[in-house]
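Here is what each chain is made of, one letter per residue.
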Amino acid sequence: MDLMDKILSLSKRRGFIFPGSEIYGGLANSWDYGPLGAELKKNIKDEWWKRFVRQRPDVVGIDAALIMNPKVWEASGHVAGFSDPLVECKKCHERFRADHVDGTKCPSCGGELMAPKQFNLMFKTNIGPTEEQGSEVYLRPETAQAMFVDFKNVLDTTRKRLPFGIAQMGKAFRNEITPGNFIFRTREFEQMEIEYFVKESEWEKHFEAWLEEMRSWLKHLGVKKWHEQEIPDGERAHYSKRTVDIEYDYPFGRKELYGLAYRGNFDLTQHEKFSGQDLKYTDPENPKEKFLPHVIEPTWGVDRSLLVAMLEAYAEEEVKSSKLKVESENGEEEEDTRVVMRFPKWLAPVKVAILPLSKKEELAKIAKPLHAELAKEFACEYDETQSIGKRYRRQDEIGTPYCVTVDFETANDQSVTVRDRDTMKQERIAISSLKQYLIDKLA
Ligand code: GAP
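Further remarks concern the packing of aromatic side chains. One pass over the structure, following the stated rule, counts 23 aromatic pairs. Taking the centre distance of 6.1 Å and the plane angle of 10 degrees together, the rings of Phe 151 and Phe 164 count as stacked. With Phe 151 in helix 6 (residues 151-158) and Phe 164 in strand 9 (residues 164-173), this residue pair connects regions lying 13 residues apart in the sequence. A residue is classified by how much of its surface remains accessible, and Phe 151, at 0% relative accessible area, is buried.

Have a look at this one:
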């Protein structure tokens, strides 16, 4: 089984990610985040917001409407140009992205392919009860445009001065011709984006600084190796003097993970033109100087972050059976391999599992209040079924950094056993100091 299949099977088995609408036979490569996937995704988004919005005095966040005035997408160039070349098979009528097929034959049936035509990737819908002309709108294909559209409002209300950024995260929709590779390319996905407004003369310095920020985020996420692909002249958008794609070696090949682009003042210029509003910035040090700021845009995909985090965290280990063996009432089966998700601790969907050694009331009456107390602080799980070895195995598979076992000694010594996911070492800790112990360990 290759790593991708292992991640898919673990996702389904443990409740990270399920096929969307599965009981109806699924829907076109859509995926649902299950209980653990939802926690994992939330941790990524919370950490990003904390790091790039809350902790930075020069960045503010917004949460804009997802359906925007359709003129936004005319101004941005999406109506005219946000398309992929599509080819259709004359025989089976399957459609492919022209740049994803080799030659002129259909990859499915070998039939002849028609000449490529442009296919706009934006999803259309209608506002209001009738589908009359003028009611047509789009689901946003990126989160970025709202930062330009709201630029003036943010400037007026926050009194931010250059350089400063506006950040947003949320869903984006693209009617991709060939979605696939699990959550890598889907028609509905989440982005985390920043438009960072600067003086034109300073763009290179800020570009470098954001590249460094992106590297530091990658390490924080647990990514050990990636590739920084400078997009050459002729392949970049016409307004961009520099674009770097952050690429990753997925099991299905080297492909984009994130992007960093210098967008000049293209977007503000376009929105000024299409809205008729003055979007210029007045330099407080030189009030006579009015200009449209230039923009550095770092962009992160949430779903690709999660996929890469899972690929990086996955490990299979040979373990001496005694290490997994724990004294239990029923005796323990021996195991010699374990799957462990070595998520960075901040990312783990469950931080602490409370595992009473058996279902007996004398243990539950200690373990349940302990869970209630710890759950105020961390994402916790309470699990009292199956043997302790199987429960450890499950927690390893979902990447829980600490397991707390309540055993028959606990009532006497007011202590529990804490097991570390990575070292599998066990420590006896007094209940009175357990919370602080875990706070320190998880910090
Ligand atoms: N505002 C710039 C922008 O949208 P992009 O490269 O088209 O740039 C940014 O998208 C990021 O969004 C990508 O680097 C990727 O992480 C994510 N992304 C784009 N299309 C996606 C899709 N169909 N499925 C999942 N993630 C996607």
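Next comes the rest of the account.
Here we take up the pairing of strand 19 (residues 352-356). Burial within strand 19 is extensive, with five of its five residues counted as buried. Burial along strand 19 is two-sided: Val 352, Ile 354 and Pro 356 facing one way and Ala 353 and Leu 355 facing the other are all buried. As defined by bridge partners, strand 19 adjoins strand 20 (residues 380-382) across three bridges and the pair is classed as parallel. Within strand 20, the position partnered with Ala 353 by the bridge is Glu 381. Sheet analysis places strand 19 next to strand 21 (residues 402-406), joined by five bridges and oriented parallel. Of the residues in strand 21, the one forming a bridge with Ile 354 is Val 404.

Take the sheet that holds strand 23 (residues 426-430) next. The mixed open sheet is built from five strands, whose spatial order is 20-19-21-22-23. Edge positions in the sheet fall to strand 20 and strand 23, since each of these pairs with one other strand and no more. On average, adjacent strands in this sheet sit at an angle of 25 degrees to one another, irrespective of strand direction. Bridge count between strand 21 and strand 22 (residues 415-420): four bridges; the pairing is antiparallel. Residue pairing across strands places Thr 405 opposite Thr 417, the latter belonging to strand 22. Strands in contact with helix 12 (residues 388-398) are strand 19, strand 20, strand 21, strand 22 and strand 23; relative to strand 19, the strand with the most contacts, it is inclined by about 170 degrees. The strands touched by helix 14 (residues 431-442) are strand 19, strand 21, strand 22 and strand 23; relative to strand 23, the strand with the most contacts, the crossing angle is about 125 degrees.

Here the focus is unusual backbone geometry. Note that the residue after Leu 162, namely Pro 163, is joined by a cis bond; omega there is -5 degrees. As for its position among the elements, Pro 163 is in the loop between helix 6 and strand 9. Non-glycine residue Ala 28 carries a positive phi angle of around 35 degrees. Within the secondary structure, Ala 28 is located in the loop between strand 1 (17-19) and strand 2 (31-33). Given a relative accessible area of 47%, Ala 28 falls into the partly exposed group. Of note in the backbone geometry, Arg 159 takes a positive phi value of approximately 55 degrees without being a glycine. Turning to its location among the elements, Arg 159 is positioned in the loop between helix 6 and strand 9. Using a relative accessible area of 67% as the deciding quantity, one classes Arg 159 as exposed.

Tracing the backbone shows Val 137 in strand 8 (residues 136-138). Residue Val 137 is classed as buried on the basis of its relative accessible area, which comes to 7%. Discounting chain neighbours no more than four positions away, the residues touching Val 137 are Ile 67, Met 68, Pro 70, Phe 123, Lys 124, Thr 125, Asn 126 and Ile 127.

For the rest of this paragraph, the subject is the site of the ligand. Taken together, 17 residues lie around the ligand, and Glu 142, Arg 174, Glu 193, Glu 256 and Leu 257 are the ones closest in. Residue Glu 142 places a side-chain N or O atom 2.7 Å away from a nitrogen atom belonging to the ligand. For the shell around the ligand, a count of residues per class yields five nonpolar, four polar and eight charged.

It is common to give the size of an interface as the accessible area that goes away when the parts come together. For the protein chain, the assigned domains are domain 1 (3-76 + 139-310) and domain 2 (335-442). Of note, the centres of domain 1 and domain 2, computed from C-alpha atoms alone, are 37 Å apart. With 17 residues of domain 1 at the interface, the matching set in domain 2 holds 14 residues. Interface of domain 1 and domain 2: buried area, both sides summed, is about 1,300 Å²; carbon and sulfur atoms make up 69% of it. Counting the surface domain 1 buries against domain 2, the share from its top three residues, Arg 14, Leu 36 and Asn 43, is 36%. Between the two partners, domain 1 and domain 2, sit two salt bridges. A salt bridge links Arg 14 to Glu 397, with the nearest nitrogen and oxygen atoms 2.6 Å apart. Listed by contribution, the elements that provide at least two residues to the side of domain 1 that touches domain 2 are helix 1 (3-14), helix 2 (35-54), helix 7 (203-221) and helix 9 (302-313). Sorting elements by how many residues they give to the side of domain 1 that touches domain 2 places helix 2 first, with six residues. Tallied by class, the residues present in the side of domain 1 that touches domain 2 amount to 10 nonpolar, three polar and four charged.

What follows is about the side chain of Gln 395. When you line up the elements, Gln 395 lands in helix 12. The exposure class assigned to Gln 395 is buried, which follows from its relative accessible area of 0%. Aside from chain neighbours lying at most four places away, what touches Gln 395 is Val 350, Ala 353, Glu 381, Thr 400 and Cys 403.

Here is what the cut-offs are and how they apply
Residues numbered from 1 in each chain as written. Predicted model: local features only at pLDDT ≥ 70, side-chain atom pairs only at ≥ 80, totals over all residues. Heavy atoms only, no water. Phe/Tyr/Trp six-rings, centres within 6.5 Å; stacked < 30°, edge-to-face > 60°. Helix = DSSP H or I, 4+ residues; strand = E, 2+ residues; numbered from the N terminus. Buried < 20%, exposed > 50% of the residue type's maximum accessible area, 1.4 Å probe, protein only. Pairing = 2+ DSSP bridges. Axes fitted to C-alpha atoms, helices over the stretch in contact; angles between N-to-C directions. Contact = heavy atoms within 4.5 Å. Near = heavy atom within 4 Å. Polar contact = N/O pair within 3.5 Å; in protein donor to acceptor, adjacent residues only side chain to side chain. Nonpolar A, V, L, I, M, F, W, Y, C, P; charged D, E, K, R; others polar. Domains from an automatic or database assignment. Buried area = accessible area lost by both parts, 1.4 Å probe. Salt bridge = Lys/Arg side-chain N within 4 Å of Asp/Glu carboxyl O.

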